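# Geometric and topological summary
For reference, the chains in residue letters:
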Amino acid sequence: MTMNNNKFTTPEEDQIIEAAFQDVLDGYLASNHRKKVEIIKRAYKFAQEAHSGIRRRSGEPYILHPIAVAKIASQEIGLGSTSICAALLHDVVEDTDYTVEDIEQHFGPKIAQLVAGLTKISGGIFGDKASIQAENFRKLLLTMSEDIRVVLIKMADRLHNMRTLGSMAPNKQYKIAGETLYIYAPLAHRLGLFAIKTELEDLSFKYEHPDAYARITKQIADSECCRSSVYKDFSTPITQRLKEMGLKFEAKARVKSVYSIWNKMETKHIPFEEVYDLYAMRIIFECDDPGREKALCWEIYSAITDLYRLHPDRTRDWISVPKANGYQALHLTVMGPDGNWIEVQIRSRRMDEIAEKGFAAHWKYKIGDSDEESELNAWLHTIKDILDNPEPNAIDFLDTLKLNLFSREIVVFTPKGELITLPKDASVLDVAFSLHSHIGCHCIAGKVNHKLVPLNQKLKSGDQVEVLTSQSQTPKPEWMSFLATAKAKTALRQALRREQQPAINRGKEIFAKFLEEYAISDSNDVITKAMGIYEAANRDQLYYMLGNGDILLTDAIAKKLKRQGQNKERSLFSKIIFRIPGMKSSTETEETPQLQPNTPINMKETYLLTYDDKGANFKFSGCCCPIPGDEVIGFVDDNNEVTIHVLDCPRALAMKASYGPRIVSTRWAEVQGKFLARVHIEGIDRFGILQELTQLISNHLNIDIRRLNIEAHDEVFDADLSVLIEDAAVVNDLCNKIKQVDGVTKATRV
Ligand code: MN
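Bear in mind that the values here come from a model prediction, so they are computed numbers and not experimental data. (Residues numbered from 1 in each chain as written. Predicted model: local features only at pLDDT ≥ 70, side-chain atom pairs only at ≥ 80, totals over all residues. Heavy atoms only, no water.)

## A closer look at the overall build of the protein
Convention followed: Counting from the N terminus, the helices are the DSSP runs of H or I reaching at least four residues and the strands are the DSSP runs of E reaching at least two. Throughout, exposure labels follow a simple rule: accessible area from a 1.4 Å probe, protein chains only, divided by the maximum for the residue type, with under 20% read as buried, over 50% as exposed, and the rest as partly exposed. Only heavy atoms enter the contact rule, under which two residues are in contact if any of them lie within 4.5 Å. To be clear on the numbers: accessible area is Shrake-Rupley with a 1.4 Å probe, and residue cover counts the displayed protein chains and nothing else.
Within the protein, the regular secondary structure consists of 28 helices and 20 strands. In the protein, which comprises 750 residues, the proportion classed as buried is 47%. The contacts of the protein with a sequence gap of at least 6 include a subset with a gap of at least 24, amounting to 66%. When the accessible area of the protein is evaluated, it comes to approximately 37,100 Å², of which 50% is carbon and sulfur surface.

## What to know about the sheet that holds strand S5 (residues 341-348)
Note the following rule: In this analysis, strands are considered paired if DSSP registers two or more bridges between them.
Spatially, S1-S2-S5-S4-S3 is the arrangement adopted by the five strands of the open sheet, whose pairing is mixed. Where the open sheet ends on each side, the last strands, each with one partner, are strand S1 (249-255) and strand S3 (316-317).

## Some words on the packing of aromatic side chains
Basically, it comes down to this: Paired rings are identified among Phe, Tyr and Trp, the last through its six-membered ring, by centres lying within 6.5 Å, and are further divided according to the angle between planes into stacked (under 30 degrees), edge-to-face (over 60) and tilted (the rest).
Counted by the stated rule, this structure contains twelve aromatic pairs. Plain terms: the ring middles of phenylalanine 205 and tyrosine 213 are 5.9 Å apart, the flat faces sit at 65° to each other, and that makes the pair edge-to-face. What makes phenylalanine 205 buried here is its relative accessible area of 1%. Members of the aromatic cluster, joined through ring pairs, are Phe205, Tyr213, Tyr259 and Trp262.

## Describing the coordination of the manganese ion
Heads up, the rule is: Note: metal donors comprise N, O and S atoms at 2.8 Å or less from the metal (3.2 Å for Na, K and Ca); water molecules are not included, so apparent gaps in a site are possible.
Protein ligation of the manganese ion involves His65 (NE2), His90 (NE2), Asp91 (OD) and Asp157 (OD), the donor distances falling in the range 2.2 to 2.5 Å. One chain supplies every donor for the manganese ion, spaced along it as H-x24-H-D-x65-D. In this pair, histidine 90 sits in the loop between helix H4 (81-88) and helix H5 (92-95) while aspartate 157 sits in helix H9 (residues 148-163), placing the two residues 67 residues apart along the sequence. Of the two residues, histidine 90 and aspartate 157, neither departs from the other in class, the shared state being buried.

## Describing helix H3 (residues 64-76)
Helical periodicity: at 3.6 residues per turn, an α-helix aligns residues three or four positions apart in one direction. Heads up, the condition is: A helix is expected to reach a length of 1.5 Å times the quantity of its residues less one.
Between its terminal C-alpha atoms H3 stretches 17 Å, which fits the 18 Å expected from 13 residues at 1.5 Å a residue. Counting buried residues along H3, ten of its 13 residues qualify, which places the element largely inside the surrounding structure. Buried within H3 we find Leu64, His65, Pro66, Ile67, Ala68, Val69, Ala70, Ile72, Ala73 and Ser74. Positive phi appears at glycine 78, one or two residues downstream of H3, with a value of about 90°.

## Topic: the pattern of salt bridges
Heads up, the condition is: Only one rule defines a salt bridge in this text: a Lys or Arg side-chain nitrogen within 4 Å of an Asp or Glu carboxyl oxygen.
A complete count under the given rule lists 19 salt bridges for this structure. Taking the shortest distance from any N to any O, the salt bridge between lysine 197 and glutamate 201 comes out at 3.8 Å. With lysine 197 and glutamate 201 both in helix H11 (residues 194-208), this residue pair falls four residues apart, about one helical turn. Here lysine 197 falls in the buried class, since its relative accessible area comes to 15%.

## As for the nonpolar core
How we decide: We call a set of buried residues a nonpolar core when its members are Ala, Val, Leu, Ile, Met, Phe, Trp, Tyr or Cys and they connect through side-chain atoms within 4.5 Å of each other.
Ranked by size, the top nonpolar core spans 59 residues in total, and within it Ile40, Leu88, Leu89, Ile103, Met155 and Leu200 carry the most contacts. Here the element with the most residues in this core is H9; it accounts for nine residues. Residue contacts for leucine 200: discarding those within four places in its chain leaves Met155, Arg158, Leu159, Met162, Thr180, Tyr184, Ala185 and Ala188. The next biggest cluster of nonpolar side chains, apart from the first, holds 39 residues, and it includes Val258, Ile270, Ala303 and Ile346.

## Concerning the sheet that holds strand S9 (residues 451-453)
The cut-off we apply is this: Note on definitions: angles span 0 to 180 degrees between N-to-C directions of axes, and those axes are lines fitted to C-alpha atoms, for helices only across the stretch in contact.
Taken in spatial order, the three strands make up an open sheet running S9-S8-S10, and their pairing is antiparallel. Every other strand in the sheet has two partners, leaving S9 and strand S10 (465-469) as the edge strands with one partner each. For this sheet, the mean inter-axis angle between neighbouring strands, taken without regard to orientation, is 30°. Two elements, strand S8 (residues 443-448) and S9, share three bridges in a ladder whose sense is antiparallel. Pairing of glycine 446 across the sheet is with valine 453, part of S9.

## Some words on the side chain of serine 223
Here is the rule we go by: Any pair of N or O atoms that falls within 3.5 Å is considered a polar contact. Within protein, one atom must be able to donate a hydrogen and the other to accept it, and sequence-neighbouring residues count only if both atoms are side-chain atoms.
Mapped onto the elements, serine 223 comes out in the loop between helix H12 (210-222) and helix H13 (224-244). At a separation of 2.9 Å, a polar atom in the side chain of serine 223 contacts the main-chain carbonyl oxygen of glutamine 219. In terms of polar contacts, serine 223 uses its side chain to reach the side chain of arginine 227, at 2.9 Å.

## Some thoughts on the environment of tyrosine 259
Tracing the sequence through the fold places tyrosine 259 in helix H14 (residues 258-268). Sequence separation of tyrosine 259 and tyrosine 213 is 46 residues, and the distance between their C-alpha atoms is 7.8 Å.

## What to know about the environment of glutamine 219
Checked against the element boundaries, glutamine 219 lands in helix H12. For the pair formed by glutamine 219 and phenylalanine 272, sequence separation is 53 residues and the distance between their alpha carbons is 7.8 Å. Here glutamine 219 is in contact with Phe272 and Glu273, once residues within four sequence places are set aside.

## What to know about the packing of helix H10 (residues 170-190) against H11
Rules: By definition in this entry, angles of less than 35 degrees are roughly parallel, angles greater than 145 are roughly antiparallel, angles of 65 to 115 are roughly perpendicular, and the rest are oblique. Take the far helix as your reference; a near helix turned counterclockwise from it by less than a right angle gives a left-handed crossing, and one turned clockwise gives a right-handed crossing. In this classification, Asp, Glu, Lys and Arg are treated as charged, Ala, Val, Leu, Ile, Met, Phe, Trp, Tyr, Cys and Pro as nonpolar, and every other residue, Gly included, as polar.
It is the contact of H10 with H11, at a shortest axis distance of 9 Å, that shows an interaxial angle of 160°. Here H11 runs roughly antiparallel to H10, going by the angle between their axes. In terms of crossing hand, the pair formed by H10 and H11 is left-handed. Taken together, the residues of H11 that come into contact with H10 (itself represented by Gln173, Tyr174, Ala177, Gly178, Thr180, Leu181, Tyr184, Ala185, Ala188 and His189) are Ile196, Lys197, Leu200, Glu201, Ser204, Tyr207 and Glu208. Here the contact of H10 with H11 is built from residues that sort into nine nonpolar, five polar and three charged.

## Describing the side chain of serine 427
The topology assignment puts serine 427 in the loop between strand S7 (419-423) and helix H20 (428-435). Polar contacts involving the side chain of serine 427 include one to the main-chain carbonyl oxygen of phenylalanine 482, which spans 3.3 Å. Once residues within four sequence positions are removed from consideration, serine 427 is found in contact with Leu455, Asn456, Gln457, Lys458, Leu459, Phe482 and Leu483.

## Some remarks on helix H25 (residues 555-562)
This is how the line gets drawn: As used here, the arc belongs to the directions running from the helix axis to the C-beta atoms.
Within H25, the full set of buried residues consists of Ile557, Ala558 and Leu561. Along the axis of H25, the buried residues cluster in a sector spanning 100°; they form a single face. Those residues of H25 hidden inside the fold are in contact with helix H22 (486-517) and helix H23 (524-534).

## As for unusual backbone geometry
With a phi close to 50°, asparagine 449 is a non-glycine residue in the positive phi region. Of note, histidine 450 is a non-glycine position whose phi angle comes to about 70°, a positive value. Mapped onto the fold, histidine 450 is located in the loop between S8 and S9. Classification of histidine 450 by relative accessible area gives exposed; the value is 63%.

## Considering the state of the cysteines
Rules: The disulfide criterion used throughout: a pair of cysteine sulfur atoms within 2.5 Å.
In the structure shown here, the tally under the stated rule is zero disulfides. As a non-bridged cysteine, cysteine 297 has cysteine 287 as the owner of its nearest cysteine sulfur, 8.5 Å distant. Of the residues examined, cysteine 297 reaches a relative accessible area of 0% and is grouped as buried.

## Overview of the pairing of S5
Burial within S5 is extensive, with six of its eight residues counted as buried. Bridging between strand S2 (residues 279-285) and S5 involves six bridges; their strand directions are parallel. Its bridge partner lying in S5, phenylalanine 285 is registered against serine 348. As judged from the six bridges shared by strand S4 (residues 330-335) and S5, these two strands associate in the antiparallel manner.

## A short note on the confidence of the model for the protein
As a reminder, the rule being used: One confidence number per residue, pLDDT, is output by the predictor and ranges from 0 to 100.
Counting all residues, the mean pLDDT for the protein is 77, and 74% of those residues have values of 70 or more. Taken together, the stretch residues 611-616 has pLDDT below 50 and engages in 29 contacts with residues farther than four places along the chain or on a different chain.

Written as structure tokens, this is what we have:
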């Protein structure tokens, strides 16, 4: 590196830096923000001085990074001078001796606040521990709900880091790419920053799967010429027709991103050639009169369907009901000239800008309190709700929030016609909780399109949903399994904790006394060991069981707890071995043949699944989370590892279709105890019968309900109940008890 007298950069570098900054200024001046150039120039000088002498890993002067972040914030997100200044200064407090107070003194409180926010959430979201990770994520979102610009600038920072990731050490590349895909891309999606989301995904993918990335990129390039001729054949008649209609518009082919092509190939298990929706046609029309936008969209729609055959199920009207992130457009899918389906997206210029730039564009077009605005606010409020009640369990908290970021949406109606936006797979109970946590906790059933349905009924877009409550209903832990919204899950967890608190406190006391009595010193190890012995998932559960009298502390337990260095905690559901039928029981594991990754699997054999703490040559699929009693199926991969799915899991269905030879047949070992039983109930409908039934089954008999489907027509009802039980006698007992309920005419095991 050449150094001039008291300078750290070469004249060539100075030129590059000046040009880069000028580019930021030019872009800003061309936007329709107020022209506050002076403060931007000052922020630039300040940052330049603060970072002088520092270089990035790539060797370039550090100041080029904040300049690039400012450019993204301004030109790709559309933010104004305050954010540009904050972007220029975003690493000053973090990396130099200047403090937030210094920034405030020079640039005022607003910019200082943004820089403070950016400093707080600097560094990786993932620490070494999940709790740190969750804590950082919490900070990020907390600052976001205070001033959304912090997160937008953070996005710009992350995007530039991803664009220049090549010069990072490989292990860092992997970590940053993973984090980007895990949190930042979904967050960008939520904020409506579609272009940035796509780029973040593609860049992460490029570093996480370099080979697949290169392959798909090449395949796209190779098929380009054939694709463009198909596109031309397809689009020409449309553009001609639109011109005849006197419209001013722009039409372009949108190629699917590398990442989403790969995603589709992976989830659908299809080769590149079979990804038919490789490209879409996008029509962006000019329209000065906001009142005409919607009508024009449908006129264009009608012109296209005159030319091509419409796919009946794939019209998406995001104009009447915009997505929660503000996205508006009219999508339709038609049959192209080569017989493949092609999606056409129709948007006005305004909608297009909102789709590409998200939040910032919203502000630009904001006229009073529009609906889209309130949808966004509603989402931010949910985030704030969750943040105000942090979970004691960091992982739960993170999952809850991620759930809120990733979910696809459906829209349902209240009986009064109000709209509720929910994630896909939301249930009646989610609606109840979305109205109020009190309503959620007392919900007994729902009515969907005027038909009585159970709490766990999944909803579809357009459903009209009414919630039925009863004061005697109490929140149940098993509800967690069918809730899809973060809000509901958080509220339920709180309610359950509130309900269990007295028992937990009692249990804690009992445990402390017990330790005292046997002179066992209280330590984390002892508690962990106790949790292992009783198979409790966490401390609270252990205390709860103790406080409730479900488990007792005995001399034998005291001995076990006293013994040192033995019986490492046994996590029940963590590891599993395959056992061939007819082999010895679980206590004699030495003689049990375990499938090691190198032992080929015999496809003709049925393998028994048992829970055990030895061997781990397969895993449970995260999509359907099989449990004992579920019908299960395994798939062997190239590494001879087996993934277990529930038989009717959609993913398993897809795999069965394309990966037939890889199926391994599996079933649960009976040693495991619980199995699934189905009971059919018939009766005469009366007010409250549903609640009585559910209460009888879940509370009174302490049975694990897996599914309850109730259908009522006129005055009679039909119910199908699936329960997990230890043996058939319990089912018979259950049937007898159900028959005693007033109104029930029949209860039989199927
Ligand atoms: Mn930075």
